[in-house]
Amino acid sequence: MNVGVLGGGQLGRMLALAGVPLGLSFRFLEPERPTPVDGVGKVVHARYDDVDAVQRFASGLDVVTCEFENVPDSTAQLLEGLLPVHPSAAALSMAQDRLVEKQVFESLAIPTPVYHSVESREGLEDAIGRVGVPAVLKTRRLGYDGRGQVVIDSPTGVDAAWGALYGSPLLLERFIDFSRELSIIGARGQDGEITFYPLVENEHRGGILYRTHAPALVSAELQALAERYLGGLLEKMEYVGVLALELFQRGDELLANEMAPRVHNSGHWTQDGARTSQFENHLRAVCGFSLGSCDPYGYAGMLNLIGQVPPTERVLGIPGARLHLYGKRPRPGRKLGHVNAVGKDPDDVVATLERVERLLTAG
Ligand code: AMP
């Protein structure tokens, strides 16, 4: 089958690396060059709103999916008129706007931080009155890795937050004093079959995912609760593919932060730590195959390589460290690769990742 992918970043690269052994071929639509997908498929370099290029991209494909969700609605709809698109244009649209996303959470009784939309400077005062402080002001669209958001923890911070973000639709939400950040990833096939990976625990630094620990050490009740929330979303959206849900844990409670309609950084551990990786399961779903087992082999961890990459031979010299590089030029704050580690004991997994971290701090 010929699979088209909207976006050509590292997620696209890892989709192709998982799909080639299944006999799939890949074509990407990506505005920038060079890209991490150079060498793993054909690339149509064009803007997502270039109608001619989108049609050229679609010609001869069997199915289209995305590794980047912020494609214009009009592009996803245009493609839907030409061939199967999974997840659907409607699902992508719901996940693009934080306000719509929160409304979807509420419609399914999935708890989420108290929020209010903000359309003006006066509206921000009103929202602060309703939400309280500390709070986080976020752009409704295009925020990622902590970009497009500012914490307001005092009345004097209001002007600074407004000054940093005004100009696009905003949302104010309550700052949550969470105990842990967790996420859950699930897949839904074309026949409605649903499968879930275990909850994982995520450590962020500067708003960017730094490490993931899988499975998270949580009760069976918390896993069941997360599956109920994600299962509800998968069914409501008649979703096909992998969907990730980021959660804040506060005691026995899970609050939904946001969902990602694609493979997710907190699922990279599945490449080495689960019977079927998230990349393979996404492709199985969008191509209409049966889903693979999400069972973990044991414990796994993932360390993101952000801004710098240690010498390959040093990483490969650490027993159990599995290196995944994206072929990107180093730049501060840029995700350049990750290292997975797998083991029977969570402490051994962390020890392996810490050996890699020491290579980074050693420079
Ligand atoms: P996001 O772009 O919404 O995924 O946010 C990036 C990171 O900012 C999250 O992973 C959290 O660490 C932090 N964050 C976002 N929203 C909140 C919130 N309402 N309360 C506390 N921390 C938050």
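Our structure's up above, just so we're on the same page.
So, a few notes on the structure that sits alongside this text. (Residues numbered from 1 in each chain as written. Predicted model: local features only at pLDDT ≥ 70, side-chain atom pairs only at ≥ 80, totals over all residues. Heavy atoms only, no water.)

## Overview of the nonpolar core
Part 1 of the reasoning: Val3, Phe26, Phe28, Trp269, Phe279 and Leu283 are the most contacted members of the largest nonpolar core, which totals 36 residues.
Part 2 of the reasoning: Going through the elements one at a time, strand S1 (2-6), helix H1 (10-19), strand S2 (25-29), strand S9 (180-188), strand S12 (208-214), strand S13 (241-250), helix H10 (278-286) and strand S15 (299-306) are the ones with two or more residues in this core.
Part 3 of the reasoning: Looking at this core, you find at least three residues from each of domain 1 (2-85) and domain 3 (180-362).
Part 4 of the reasoning: Formed by 24 residues, the second largest nonpolar core is a distinct cluster that contains Ala95, Leu225, Leu245 and Met259. (Core = buried A, V, L, I, M, F, W, Y, C linked by side-chain atoms within 4.5 Å. Buried < 20%, exposed > 50% of the residue type's maximum accessible area, 1.4 Å probe, protein only. Helix = DSSP H or I, 4+ residues; strand = E, 2+ residues; numbered from the N terminus. Domains from an automatic or database assignment.)

## A short note on the site of the ligand
Part 1 of the reasoning: Close to the ligand lie 16 residues; Lys138, Glu173, Ile176, Glu181 and Glu258 are nearest.
Part 2 of the reasoning: Histidine 204 is positioned with one of its side-chain polar atoms (N or O) 3.4 Å from an oxygen atom of the ligand.
Part 3 of the reasoning: Between the ligand and asparagine 257 there is a distance of 3.1 Å, counted from an oxygen atom to a side-chain nitrogen or oxygen.
Part 4 of the reasoning: Mapped by element, the contributors of at least two residues to the shell around the ligand are strand S6 (135-139), strand S8 (170-174), S13 and strand S14 (253-260).
Part 5 of the reasoning: Each of domain 2 (114-174) and domain 3 (180-362) gives at least three residues to the shell around the ligand. (Near = heavy atom within 4 Å. Polar contact = N/O pair within 3.5 Å; in protein donor to acceptor, adjacent residues only side chain to side chain.)

## Comments concerning the sheet that holds S6
The strands making up a sheet associate through backbone hydrogen bonding, with each pair oriented either parallel or antiparallel.
Part 1 of the reasoning: Pairing in this open sheet of four strands is antiparallel, and the strands run S5-S8-S6-S7 from one edge to the other. Two strands close off the open sheet at either side, each with one partner strand: strand S5 (115-118) and strand S7 (149-152). Ignoring strand direction, the axes of neighbouring strands in this sheet form an average angle of 20°.
Part 2 of the reasoning: With respect to the sheet, helix H6 (residues 121-131) is in contact with S5, S6, S7 and S8, its orientation differing from that of S5 by roughly 175°.
Part 3 of the reasoning: Contacts from helix H7 (residues 157-165) reach S5, S6, S7 and S8, with the element oriented near 175° to S7. (Pairing = 2+ DSSP bridges. Axes fitted to C-alpha atoms, helices over the stretch in contact; angles between N-to-C directions. Contact = heavy atoms within 4.5 Å.)

## Digging into H10
Part 1 of the reasoning: In terms of residue burial, H10 counts as a mostly covered element, since eight of its nine residues are buried.
Part 2 of the reasoning: Those residues of H10 lying buried are Gln278, Phe279, Glu280, Asn281, His282, Leu283, Ala285 and Val286.

## Looking at the side chain of histidine 324
Part 1 of the reasoning: Locating histidine 324 in the fold gives a position in strand S16 (residues 322-325).
Part 2 of the reasoning: By relative accessible area, which is 18% here, histidine 324 ends up buried.

## Some remarks on the sheet that holds strand S4 (residues 63-66)
Part 1 of the reasoning: Here four strands make up an open sheet; going across it, the order is S3-S2-S1-S4 and the pairing parallel. In this open sheet, the two strands that pair with only one neighbour each are strand S3 (42-44) and S4. When strand polarity is set aside, the average angle formed by the axes of neighbouring strands in this sheet is 25°.
Part 2 of the reasoning: Where S2 and S3 come together, three bridges link them in parallel fashion. Opposite leucine 29, over in S3, you have valine 44 as the bridge partner.

## A word on the packing of aromatic side chains
Part 1 of the reasoning: Within the structure shown, the criterion is met by five aromatic pairs.
Part 2 of the reasoning: Seen in terms of ring centroids, tryptophan 162 and tyrosine 166 are 5.7 Å apart; in terms of plane orientation they differ by 25°. Their pairing is stacked.
Part 3 of the reasoning: Aromatic pair tyrosine 197 and tryptophan 269: ring centres 6.2 Å apart, planes at 80°, arrangement edge-to-face. In this pair, tyrosine 197 is assigned in the loop between strand S10 (194-196) and strand S11 (200-205) and tryptophan 269 in the loop between S14 and helix H9 (270-273), connecting sequence segments 72 residues apart. For the pair shown, tyrosine 197 and tryptophan 269 are each scored as buried.
Part 4 of the reasoning: Between arginine 205 and the ring centre of tyrosine 210, over which it is positioned, the NZ or CZ distance is 3.8 Å. (Phe/Tyr/Trp six-rings, centres within 6.5 Å; stacked < 30°, edge-to-face > 60°. Lys NZ or Arg CZ within 6 Å of the ring centre and 35° of its normal.)

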